[in-house]
Amino acid sequence: MNLTWFEKLVGKENVSDEIIDKEIYSTDGSQIKGRTDKVTWVTETKQVHQIVLYARRIKKSVVPRGAGTSLVGSVIPFDSIIVDFTKMNKIESIAKDHVIVQPGVILKDLNKALKNKFFPIIPENSSVHTIGGMCGINSSSIYEKRFGKMKNWVQEVEMIDGNGRLKKYGPEVIGTEGILGLITKIKLKITDKIHEKSMDLLKFNKIEELVEKVASLKNNKEAIAIEYINPTASELMDLEKKHYLIIEYIDLEGEIKDNKEIERIWNIKKTAFAKIASQEFTIMEDPYIPIYNMAEFLYWLEEKGIPCFGPIGISVLHPCFKDRESIQELNETVKKLNGNLGAKFGIGLLKKEALNETTKQELIRLKQEFDPSKILNTGKVI
Amino acid sequence: MADIDKCILCGLCRQDSSLLKITGKETVTSRGKAILIKKGILDKIFFIDPMNDITVAHCPTNVEITEEIRKQREKMVEHGMETKPNRRMIENLRDFGNPYGEQKKQEIKEVFS
């Protein structure tokens, strides 16, 4: 492919087919290895548009990339042009009830800019995640129980589909992982910042008591986050070996009311994966388990010695593993308990079996309509 | 397990890289460097980026990336692949005890460190 064409479009410094860039952009958080043709760092919508039109003409795969943190291989290239959105990171406007941003905006930077307002879809690591990437996987939030997912907060996106059409769409394209189009602008709803909050940190010896507590909080709208840490994980985190529940409320219902203490407890929770991964449990999964089978799942984790934590309030957990071979057993157990695989991290390359047949057929139909040449994020999801 | 093998490519180090904010390029991050080290790729990028921008503040597996970069630089020197300024700096250190080379007395009035 003609490098000069790209140099004219994005500038010499914003395109590369050098080996170091190709190697680095051939992988992501999943550690799967793909193959990059070239990398472009786009700064404007018209550049993205031209790249898609060019790629369509020569039938070349295009992969949109945010922070590259996908654990399921959502941005692995197959001899593709990588369109890195890191430099398209402008907050274009902030209004009373909405904000318009470019896809490379980092969530933490957005919330900092909003001051008294707040965008409540906060994944565990808001310091690196980009709004574009979050749209791609319909990102969930630590406050999902109260605020739902990304789709609930996107009003409109500007997207370039595989036919090269630049159009505006509603939230229906959220969660399609870049296989229908490249998002270049996002209009997000925002809300008032949470000022009053409290927390409970509870320890349990018995799984039944813990599950009963979670079930009793299901309809408590003030309990916006319910996080769990299992005994194996707590031991690896240098905590007393127990079952833990961390419950955050948006009123003063909880016993802990000091904001610094609340932040300290959240930080312990945030470092859970760090502590667990440092002891070689480096693969984190994201199954959904219905509450009526949660106790059985927690017993299974304990029996197998699998460290686990996660937002139990929305019935999602993060069991961690040392190798991919062990995951097959997890998948079988999750299916047996009427759960779903891939509840939070998207489908990408690794979780295709998590996609139900109806959704798959609908996505195949949409792919045919939006990207009949199959150039966008090739090989993912379907 | 070698220290660099502990890197799980999670990308959390992106928040520690001030150069990433300027260049937008993954090559400047610790993850970028880790991928190249794992691949055994020797490149001038290991000399160009300032070490003080490479931190492990948010690394979940505590990879000592600065030490890994130092080793990579060492390998490049062994293979004669170091940059010219680096070679000159080392020669100056050996010959004059400072990285700048021979200095006339008037040249440096004060030294801050």
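Coordinates for the structure precede this section.
Conventions and cut-offs
Residues numbered from 1 in each chain as written. Chains lettered and ligands numbered in written order. Predicted model: local features only at pLDDT ≥ 70, side-chain atom pairs only at ≥ 80, totals over all residues. Heavy atoms only, no water. Helix = DSSP H or I, 4+ residues; strand = E, 2+ residues; numbered from the N terminus. Areas by Shrake-Rupley, 256 points an atom, 1.4 Å probe, with all protein chains shown as cover. Pairing = 2+ DSSP bridges. Buried < 20%, exposed > 50% of the residue type's maximum accessible area, 1.4 Å probe, protein only. Contact = heavy atoms within 4.5 Å. Phe/Tyr/Trp six-rings, centres within 6.5 Å; stacked < 30°, edge-to-face > 60°. Lys NZ or Arg CZ within 6 Å of the ring centre and 35° of its normal. Buried area = accessible area lost by both parts, 1.4 Å probe. Salt bridge = Lys/Arg side-chain N within 4 Å of Asp/Glu carboxyl O. Axes fitted to C-alpha atoms, helices over the stretch in contact; angles between N-to-C directions. Parallel < 35°, antiparallel > 145°, perpendicular 65-115°, else oblique. Left-handed = near helix turned anticlockwise from the far one by under 90°. Nonpolar A, V, L, I, M, F, W, Y, C, P; charged D, E, K, R; others polar.

A. Structural context of the overall build of chain B. What chain B contains, in helices and strands, is 5 helices and 0 strands. When its helices and strands are written in sequence order, chain B yields α-α-α-α-α. Of the roughly 6800 Å² of accessible surface on chain B, 53% is carried by carbon and sulfur atoms.

B. Molecular detail of the pairing of strand β6 (residues 98–101) of chain A. Residues and elements named next belong to chain A. The pairing of strand β5 (residues 91–94) with β6 spans 3 bridges and is antiparallel. Bridge pairing links Ile 94 to Val 99 in β6. Counting the residues between successive antiparallel strands, the hairpin from β5 to β6 contains 3 residues.

C. Structural detail: the side chain of Asn 92 of chain B. Residue and element names in this part refer to chain B. By secondary structure assignment, the location of Asn 92 is in helix α5 (residues 84–96). Relative accessible area serves as the criterion here: at 12%, Asn 92 is assigned to the buried category. Setting aside chain neighbours within four positions, we find Asn 92 in contact with Gly 97, Asn 98, Pro 99, Tyr 100 and Gly 101.

D. Geometry of the packing of aromatic side chains. This structure, assessed with the given rule, holds 10 aromatic pairs over all chains. When the centroid spacing of 6.4 Å and the interplanar angle of 70 degrees are considered together, the rings of Tyr 143 of chain A and Phe 147 of chain A count as edge-to-face. Residues Tyr 143 of chain A and Phe 147 of chain A agree in their burial class; the two are buried. Among the aromatic residues, ring-to-ring pairing joins Phe 118, Phe 119, Tyr 143, Phe 147 and Trp 153 of chain A into one connected group. Across from the ring centre of Trp 41 of chain A, 4.5 Å away, lies the NZ or CZ of Lys 25 of chain B, which sits over that ring.

E. Broad picture of the sheet that holds strand β4 (residues 78–84) of chain A. Spatially, the 4 strands line up as an open sheet ordered β1-β2-β4-β3 (chain A), and their pairing is mixed. Strands at the two margins of the open sheet, each flanked by one partner only, are β1 (15–16) and β3 (62–65) of chain A.

F. Geometry of the interface of chain B and chain A. Facing the 26 residues of chain B at the interface are 30 residues of chain A. Taking both partners together, chain B and chain A bury about 2200 Å²; carbon and sulfur atoms supply 65% of that area. For the chain B face of the interface with chain A, the top three residues by lost area are Ile 8, Arg 14 and Lys 25 of chain B, together amounting to 23%. The tally of links between chain B and chain A comes to 2 salt bridges.

G. Spotlight on the packing of helix α7 (residues 207–217) of chain A against helix α11 (residues 294–304) of chain A. Residue and element names in this part refer to chain A. Orientation of α7 relative to α11, taken along the N-to-C sense of each, is 140 degrees, at an axis distance of 9 Å. When the axis of α7 is compared with that of α11, the two are oblique. Here α7 runs over α11; the crossing is right-handed. Only Met 294, Ala 295, Leu 298, Tyr 299 and Glu 302 of α11 make contact with α7, whose side of the interface consists of Ile 207, Glu 208, Leu 210 and Val 211. Its residues assigned to classes, the contact of α7 with α11 shows 7 nonpolar, no polar and 2 charged.

H. Main features of unusual backbone geometry. Residues and elements named next belong to chain A. With phi around 55 degrees, Lys 115 is a residue other than glycine that occupies positive phi space. For Lys 115, the location among the structural elements is in the loop between α4 (107–114) and β7 (117–118). You can call Lys 115 exposed: its relative accessible area is 62%. Phi angles above zero are rare outside glycine, and Ser 315 is one such case at about 65 degrees. With respect to the helices and strands, Ser 315 occurs in the loop between β16 (308–310) and β17 (318–321). Residue Ser 315 is classed as buried on the basis of its relative accessible area, which comes to 2%.

I. Here's a closer look at the pattern of salt bridges. Counting across every chain of the model gives 29 salt bridges over all chains. Across the pair Lys 269 of chain A and Glu 227 of chain A runs a salt bridge whose closest N-O atoms are separated by 3.2 Å. You can see Lys 269 of chain A sitting in helix α9 (residues 259–270) and its partner Glu 227 of chain A sitting in strand β13 (residues 223–229), a full 42 residues away along the chain. A salt bridge links Arg 31 of chain B to Glu 26 of chain B; the nearest nitrogen and oxygen atoms lie 3.1 Å apart. A single burial state applies to Arg 31 of chain B and to Glu 26 of chain B, both of which are buried. Put simply, Asp 37, Lys 38, Lys 60 and Asp 79 of chain A are held in one network by salt bridges that share partners.

J. Highlighting the packing of helix α2 (residues 30–39) of chain B against helix α4 (residues 65–78) of chain B. Residues and elements named next belong to chain B. Closest axis-to-axis distance for the α2/α4 pair is 11 Å, and the angle between their directions is 45 degrees. Compared by their axis directions, α2 and α4 come out oblique. The hand of the α2/α4 crossing is left-handed. Across the interface between the two elements, Ser 30, Lys 33, Ala 34, Leu 36 and Ile 37 from α2 touch Ile 65, Glu 68, Ile 69 and Gln 72 from α4. Looking at the contact of α2 with α4 residue by residue, the classes come out as 5 nonpolar, 2 polar and 2 charged.

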